Amino acid sequence: MLTLNNITVQFGGLIALKGVTFTIRDEEVLGLVGPNGAGKTTLFNVISGLTRPTGGEAIFNKINILNSPMHKRARVGIGRTFQIPQPLQELTVRQNLQVAQRFGTGKVNQDKIEEILNFLHLEDKADRDAVSSLSLSELKALEVGKALATEPQLLLLDEVLAGLETASKRAFMKTLSELNSKYRISILIIEHDIETISNMCPRVCVLNYGQIIADGTPKEVFSDPEVIKSYTGGAHD
Amino acid sequence: MSALILQSLYSGLLTGGYYALIALGLALVFSTVKIINLAHGEMVLLAAYMAYVMENSFATNPVVAMPLALVIASLIAVIIYFLISRIKKHRELNSLILTYGIGIILTNAILITWSADIHSTSNEAMQKPITIGPFSSMTSELIFLGVSMLMVAALWWWLTRSWYGRAVRAVSSNRDAAKLMGINPQNTELVAFIVAGILASFAGVALYCTGVIQPSLGTALTTKAFIITVLAGIGSIPGVLIGSVLIGVAESLTVTLYSSAIQELTGMVLFLLVLFVLPNGLFGQTRRRG
Amino acid sequence: MKLRHSIPIILVVLYGVVPLLLQHNNYIMSILVASLTIAGIALAWSLLGNLGGMVSFGHAAFFGVGSYTSAILTMKMGVPVFPAILFGGIGAAIASIAVLPALRLAGPYFALAILAYANIFRILATEFTSLTGGAGGLLGIPLFPELFGFNFGSKLGSYLIITSIVLIFAVIYRMIRTSYHGFALLAMIEGEDSTRVVGVNSTFLKAMMLFLSAFMTGIIGAFNAHYINFLEPDYAFSGVWTMIPIVAAIFGGYRTLTGPIIGAIVVYTVDQLIFKALIPSGHQIILGALLTLMILFAPDGLIPLFSKKLSWARRVKENRSPQTGHIC
């Protein structure tokens with residue numbers, strides 16, 4: 001579904017991504033891990049359109065998406081959550097979803113909105129102001145909800161579990177694990193928690209210093225000496 | 001024909017000289033406080049009227065008005081600073097509207113106090129034409145070109161050598177880092193405003209001695225100062241000087257080659273050109289995208 | 001919204017009571033027409049601010065372009081007045097294309113870029129003498145015609161026209177505001193990326209709001225040209241057409257629909273009747289002071305401030321506790 005070929009991102013003297021190449025298939029769940037600063041969020045930014053790569057290509061369902069602006073990519077099926085939730089201001093939870101659905105798919109289907117609200121356990125807060133009345137885990141749920149409302153084929157989840165305490169985390173993980181089976185979408189998920197990744201993702205890619213250093217099953221990847229070194233020893237400034 | 005052009009260039013240079021005086025204050029505040037003081041032109045104009053009052057009521061050389069102009073302009077600058085610091089939400093846009101309102105107050109205050117009549121210096125020493133080689137100008141224009149150069153040099157020295165000056169530069173480029181270094185941004189902003197007031201007072205007296213003044217000039221002055229600031233790019237003092245001369249020369253050439261009516265147009269068009277083609281101005285350092 | 005209940009009353013007052021009682025008082029009618037003209041611009045300005053997220057200091061540009069477009073079309077090309085007014089709006093919208101590149105600029109730059117355009121158009125209008133009559137201006141611009149036996153060129157006719165225009169604008173504003181596009185526009189103000197990532201073409205929407213605001217202001221300008229029957233560059237592009245709507249909108253509360261309209265009527269009327277009498281030359285100083293004070297103490301406008309105080313008082317009286325569940 002999505003093929004990245006030799007993606008390179010350079011900010012002035014800093015090389016954030018170097019020659020990143022991989023493919024994610026339909027309905028595949030792929031974990032993306034790596035130490036802080038490895039370039040994971042930058043990769044998401046490239047795929048969703050926030051950042052223009054300095055080199056390489058990205059083909060999504062046979063379309064070269066690097067030529068498309070951000071909103072077009074959302075409409076053809078790339079959904080994305082932000083690490084720090086960015087709910088749509090001045091709107092209620094329900095309106096957040098409605099806007100996402102209206103502009104991500106072209107029309108509004110109230111039943112599907114209800115479904116998303118229920119799936120993410122946001123029904124009670126549906127008509128409350130999104131910015132001021134939600135807890136952190138609810139805001140994160142809304143992030144996922146907005147992306148889901150656009151009816152994506154590929155969902156990019158950026159550290160959705162970060163900052164949540166254990167109970168919320170577990171509940172959320174359960175929701176996330178149903179995403180793939182219920183909505184039949186590919187998911188690319190950035191997470192720090194190795195246990196979570198190992199449980200959720202049959203395949204993991206490891207990013208270090210902007211390059212992919214491992215790509216395989218969690219077992220393979222986390223026993224790879226290169227990977228272990230990157231997490232423990234690798235000279236980080 | 002070419003003699004005409006040369007004279008035109010010369011005039012433009014002189015004009016650009018004291019345009020710089022007008023623009024520097026606005027540019028300084030903008031780079032430090034990140035706010036455009038839409039009442040800046042009115043501050044300059046008020047200083048100019050002080051010169052008028054001195055000459056008219058006390059029959060002195062308008063330059064004698066300097067101390068008075070300094071006090072008045074700085075006072076207004078400080079008041080504007082305090083009002084702006086009272087704004088809590090949407091600082092950038094609300095300050096725009098606030099200074100817009102203050103500009104209206106000042107323009108109309110000038111109108112009420114001195115009526116809409118046009119004034120200009122009648123001091124002979126100022127008006128006397130002075131010729132250097134093939135070029136001629138008013139004595140005042142030459143004097144204030146010199147003053148402008150001096151002020152630019154003084155400002156440059158202050159920004160690079162004095163503590164407050166360097167604090168201003170620090171806050172301009174990175175406010176948070178400046179705080180970490182022990183600089184109080186609020187005090188620094190106040191200083192920037194006061195310096196802007198000082199510059200404005202010189203600019204006002206220069207204006208009175210070299211041109212004509214009337215109440216409606218306030219807005220035009222602010223606009224011109226802003227155009228030059230954008231042309232120069234944020235955070236560049238020499239840029240303001242060069243930008244001022246550029247505008248001065250461009251306007252002068254327009255008057256010579258076309259007509260004086262579209263003189264204002266030149267500045268505007270240059271401004272829009274720079275805005276869209278060179279987002280950082282000629283010498284700017286920071287990105288300006290919203 | 002309590003507005004819904006008062007709509008029939010408002011219509012009756014505007015189209016029935018006012019004409020009946022005041023139609024022979026030329027002076028008051030003039031003030032009403034002028035204040036409604038300001039109201040129209042204030043509404044268009046607020047639209048751009050609220051839904052487009054852009055504060056403009058140069059709406060006089062659109063006003064002037066609309067005025068001249070309509071005047072020239074009727075005088076030089078024989079276009080009937082009402083269609084010409086529409087074209088006036090379209091002309092202003094087309095003129096706003098020149099402002100499009102400024103959309104991607106930060107707030108202050110946009111506000112002043114538009115100011116530059118206002119000045120440019122004024123100078124152009126002064127220079128293109130053959131087309132615009134130059135500095136001398138255009139005299140004898142056609143009045144509103146007679147339709148269905150009613151002379152719209154009369155004071156009452158002008159009043160009915162401008163009232164209708166403002167009402168239509170209000171309806172359009174409300175329609176957009178409560179649509180999904182309106183939601184997206186509101187969300188865009190705090191950050192466009194959060195909307196883009198869900199498929200909103202934010203640049204396009206902002207451009208649409210710019211065109212709409214320009215179009216509306218252009219129509220008001222065109223109306224004014226045929227009402228006053230005279231135009232000259234300094235008048236058509238005067239900063240007054242920018243300033244008073246801003247004061248009106250801020251005074252009445254530019255976030256609401258009725259705010260700019262009520263603000264305009266109040267501010268203009270008080271300025272003409274009271275301030276002008278106090279300080280014949282320079283009375284706008286009071287408007288400047290008003291604007292300054294409001295930004296400092298009531299940036300959302302005085303009317304919302306009053307209604308907030310009223311509803312707070314009401315709640316205290318009824319002993320209702322504040323809404324629960326808000327994370328403050």
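Basis of the calculations
Residues numbered from 1 in each chain as written. Chains lettered and ligands numbered in written order. Predicted model: local features only at pLDDT ≥ 70, side-chain atom pairs only at ≥ 80, totals over all residues. Helix = DSSP H or I, 4+ residues; strand = E, 2+ residues; numbered from the N terminus. Rg over C-alpha atoms; globule rule 2.2 N^0.38 Å. Pairing = 2+ DSSP bridges. Axes fitted to C-alpha atoms, helices over the stretch in contact; angles between N-to-C directions. Contact = placed C-beta atoms within 7 Å. Nonpolar A, V, L, I, M, F, W, Y, C, P; charged D, E, K, R; others polar. Core = buried A, V, L, I, M, F, W, Y, C linked by C-beta atoms within 7 Å. Buried ≥ 20, exposed ≤ 12 C-beta atoms within 10 Å, placed from the backbone. Parallel < 35°, antiparallel > 145°, perpendicular 65-115°, else oblique. Left-handed = near helix turned anticlockwise from the far one by under 90°.

Q: Please explain the overall build of chain A as it appears in this structure.
A: Along the backbone of chain A there are 9 helices and 10 strands. Taken against the 2.2 N^0.38 rule, which gives 18 Å for 237 residues, the C-alpha radius of gyration of chain A at 18 Å falls within 12% of a compact globule. In terms of principal-axis extent, the alpha carbons of chain A reach across some 50 × 40 × 30 Å.

Q: What's the story with the sheet that holds strand β10 (residues 211–216) of chain A in this structure? I'm lost.
A: The strands that make up a sheet are held in pairs by hydrogen bonds between backbone atoms, and each pair lies either parallel or antiparallel. All names here are of chain A. The mixed open sheet is built from 6 strands, whose spatial order is β6-β7-β8-β3-β9-β10. What marks the edges here is a single partner per strand, and that holds for β6 (78–80) and β10. Between one strand axis and the next, the sheet turns through 20 degrees on average, direction left out of account. Where strand β3 (residues 29–33) and strand β8 (residues 186–190) come together, 4 bridges link them in parallel fashion. Note that in β8 the partner of Leu 32 across the bridge is Ile 190. Across the sheet, helix α1 (residues 40–48) touches β3, β6, β7 (154–158), β8 and β9 (203–208), and the angle it forms with β7 is around 150 degrees.

Q: What should I look at first to understand the interface of chain B and chain C in this one?
A: The parts lose accessible area when they come together, and the size of an interface is often stated as this lost area. At the junction of the two partners, chain B supplies 34 residues and chain C supplies 35 residues. Of all elements in the fold, only α4 (91–114), α10 (217–232) and α12 (263–277) of chain B reach the threshold of two or more residues within the side of chain B that touches chain C. Each residue belonging to the side of chain B that touches chain C can be placed in one class, and the counts come to 22 nonpolar, 6 polar and 6 charged.

Q: Just to check I follow, could you spell out the nonpolar core for this structure?
A: Generally speaking, nonpolar side chains in soluble globular proteins are found buried as a group. Leu 46, Ala 47, Ala 203 and Val 205 of chain B together with Ile 114 and Val 247 of chain C are the most contacted members of the largest nonpolar core, which has 270 residues in total. Broken down by element, this core gets its largest block of residues, 15 residues, from helix α9 (residues 185–210) of chain B. The residues contacting Ala 47 of chain B, other than those within four sequence positions of it, are Ala 69, Ile 72, Ala 73, Ala 200, Ser 201, Ala 203, Gly 204 and Val 205 of chain B.

Q: Honestly, the packing of helix α2 (residues 40–58) of chain B against helix α3 (residues 66–84) of chain B in this entry has me stumped. Any pointers?
A: Packed helices, taken two at a time, are described by their axes: the angle between them and the distance between them. Residues and elements named next belong to chain B. The interhelical angle for the contact between α2 and α3, taken along N-to-C directions, is 155 degrees, at an axis separation of 9 Å. Overall, the two elements α2 and α3 adopt an arrangement that is roughly antiparallel. α2 and α3 meet at a crossing whose hand is right-handed. Residues Met 43, Leu 46, Ala 47, Met 50, Ala 51 and Met 54 of α2 pack against Leu 68, Ala 69, Ile 72, Ala 73, Ile 76 and Ala 77 of α3. Looking at the contact of α2 with α3, its residues break down into 12 nonpolar, no polar and no charged.

Q: Would you mind showing me how to read unusual backbone geometry here?
A: Apart from glycine, the bulk of residues carry a negative phi angle, and the bulk of peptide bonds sit in the trans form. Residues and elements named next belong to chain A. Phi is positive for Lys 62, which is not a glycine, with a value near 70 degrees. At Arg 184, a residue that is not glycine, the phi angle is positive and equals roughly 55 degrees. Within the secondary structure layout, Arg 184 lies in the loop between α6 (166–183) and β8. You can call Arg 184 exposed: it has 10 C-beta atoms within 10 Å.

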